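# A structural walkthrough
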Amino acid sequence: MPDPTTIDRTERASLPTTRGRMGAAPGVRILGCGSYVPDNVVTNEDLAALGCDSDWIVRRTGILERRHAAADQATSDLCYEAALRCLADASVSVDEIDLILVATITPDHFTPSTACHLQRRLGAFAAAMDLGAACAGFMYALTTAAQFVAAGNAKRVLVVGADLMSRTIDPHDKKTYPLFGDAAGAVLIGPDETRCGDSSSDDDGDQPRDAEGPSGILSYQLGSEGCGGEMLCIPGGGTRLPLTDEGLRDGMQYMKMDGRNVFKWAVRVFDESAKDVLAAAQVDADELALVILHQANQRIIDAAVSDLGVPKDRVFVNLDRYGNTSGASIPLAMDEAFRQGRLVRGDYVLLCGFGSGLAWGTALLRY
């Protein structure tokens, strides 16, 4: 197969991907976004009592602080707060929601789903389900929501990415414990009704958009490499290895991570999937207004985007303040980018989530 980096973008669009399944969901739009982080700020200095070295954390990860949920907070509590803010931003009432998707690996319970807890608290009349793809979970949920909307089977889909990662990490693991934080982010997906009739401006008063270009998720790639699952894994607690007193003593309830190999895999998968996605949409990297990657590690982010040639000021980063929030990291970053005026209607935005599974999702959308 030809090297997609050596041919022009029109030719690249016809090449099959070698890493994941491609798709598109035209005609959909993000109607609103919202996020929530717990009040408890945990700085690197706060972790010194655990034997963690603040300078090492900053040098190796770029993280300065993270948020930890209170003892009485569960994942659905963070979901609820993010959802309320998202619905308010979209000016959409709860009774208009058709479907609720929650991307999480830290559910309140094995069953019922955290999405059902959220549906109950919101008082929504909607189907609800969880998706479990770890740090790629939001991308899986986003593309699933877009399919429902594009097919005409839903008009308003609430997508929430949320994780309480502080509950999954061994506090005695000095290299892993400082990396993670707790958060929730939400977006509301619906049809792009501005494409009907006058498409020169948004009906909600946003800045004028390009009337000629297509809207929606212009291309996306979802993929998995289960052969690398052991690189990011919580061994105990499932049907493969139910937890026992011995398992708890051995810390089998906590995440185990092969950081070095995960790093190399993440950089590779973003580089290849981003090129596939841009080629399929016939969009060049220099046309991107913003790139939002899963906020795992500053070194991963820097290495992953270096080959794209995207200026640093177009790569959104809030990792320094929140750490790795797993399924929440992309919607949390999207909400902050919107509040800062860095997401404008008509912009090309590249999103990529990658992590445990190993799984990834990369998408080019026209915001």
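Counting restarts for each chain, with residues numbered from 1 along the sequence as it is written. A pLDDT threshold of at least 70 governs which residues receive local features in this predicted model, and a stricter bar of 80 or more applies before side-chain atom pairs are shown or counted, although totals over entire chains, interfaces and linings include all residues. Side-chain measures were taken over the full set of non-hydrogen atoms in the model, leaving aside hydrogen atoms and water.

Attention shifts here to the overall build of the protein. Helix and strand counts for the protein stand at 10 helices and 14 strands. Summary of the burial criterion: residues with accessible area below 20% of their type's maximum are buried, those above 50% are exposed, and those between are partly exposed, where the area comes from a 1.4 Å probe applied to protein chains only. Across the 367 residues in the protein, those meeting the buried criterion constitute 54%. The long-range fraction of contacts in the protein, counting pairs at least 24 apart against all pairs at least 6 apart in sequence, stands at 75%. Total accessible area on the protein stands at roughly 15,600 Å², and carbon and sulfur atoms take up 49% of it. Put simply, DSSP marks the helices as runs of H or I at least four residues long and the strands as runs of E at least two long, and each gets a number from the N terminus on. We call two residues in contact when some of their heavy atoms are within 4.5 Å. In these tables, accessible area is a Shrake-Rupley quantity obtained with a 1.4 Å probe, and a residue counts as shielded only by the protein chains included in the view.

Here the focus is the nonpolar core. Only buried residues count toward a nonpolar core, which is a set of Ala, Val, Leu, Ile, Met, Phe, Trp, Tyr and Cys residues joined through side-chain atoms within 4.5 Å. Ranked by internal contacts, the top residues of the largest apolar core, which has 45 residues, are Phe270, Val291, Leu350, Phe354 and Leu364. Mapped onto this core, the elements with two or more residues apiece are α7 (259-281), β12 (290-293), α8 (298-306), β13 (348-355) and β14 (359-366). Top contributing element to this core by residue count: α7, with 10 residues. Residue contacts for Leu350: discarding those within four places in its chain leaves Phe270, Ala274, Val277, Leu288, Leu290, Val291, Ile292, Leu308, Thr362, Ala363 and Leu364. Judged by nonpolar contacts, the second largest core, of 35 residues, contains Cys33, Ala103, Phe316 and Leu343.

Turning to the pattern of salt bridges, a few remarks are in order. Here, a salt bridge means any side-chain nitrogen of Lys or Arg that lies within 4 Å of a carboxyl oxygen of Asp or Glu. Taken as a whole and assessed by the stated rule, the structure comprises seven salt bridges. We note a salt bridge from Asp271 to Lys275, for which the minimum N-O separation is 3.3 Å. Of the two residues, Asp271 and Lys275 are both situated in helix α7; the distance of four residues between them amounts to about one turn of the helix. On the basis of relative accessible area, Asp271 is assigned to the buried category, the value being 16%. The class of Lys275 is partly exposed, set by a relative accessible area of 24%.

Once that is clear, we can look at a positive patch on the surface. A patch consists of residues whose relative accessible area exceeds 30% and which take part in no salt bridge; residues with like charges are grouped when within 9 Å of each other, and nonpolar side chains (Val, Leu, Ile, Met, Phe, Trp, Tyr) when within 5 Å. In this charge count, Lys and Arg are treated as positive and Asp and Glu as negative; neither His nor the chain ends contribute. One atom stands in for each charge, and that atom is NZ of Lys, CZ of Arg, CG of Asp or CD of Glu. Together, Arg59, Arg60, Lys175, Arg260, Lys264 and Arg299 line one region of the surface with positive charge. Listed by contribution, the elements that provide at least two residues to the positive patch are α2 (54-61) and α7. Looking at where Arg59 falls in the secondary structure, it is placed in helix α2. A residue is classified by how much of its surface remains accessible, and Arg59, at 55% relative accessible area, is exposed.

This part takes up the sheet that holds β13. Here we have five strands laid out as an open sheet, ordered β1-β9-β14-β13-β12, and mixed in their pairing. Unpaired on one side and paired on the other, β1 (21-26) and β12 mark the two borders of the sheet. Averaged over all pairs of adjacent strands, the angle between strand axes in this sheet comes to 15°, irrespective of strand direction. Two strands are counted as paired when DSSP detects at least two bridges linking them. Relative to β14, β13 is paired through eight bridges, and the arrangement is antiparallel. Helix axes are fitted to C-alpha atoms over the stretch in contact, other axes to C-alpha atoms as well, and angles between N-to-C directions run from 0 to 180 degrees.

A few words now on the pairing of strand β9 (residues 216-224). Summarising burial for β9: seven of the nine residues are buried, a large majority. Examined bridge by bridge, β1 and β9 share five bridges and lie antiparallel to one another. What sits directly across from Arg21, in β9, is Leu222. Two strands pair when backbone bridges link them, and β9 and β14 are joined in this way by eight bridges, in the antiparallel orientation. Directly across from Ser224, in β14, lies its bridge partner Ala359.

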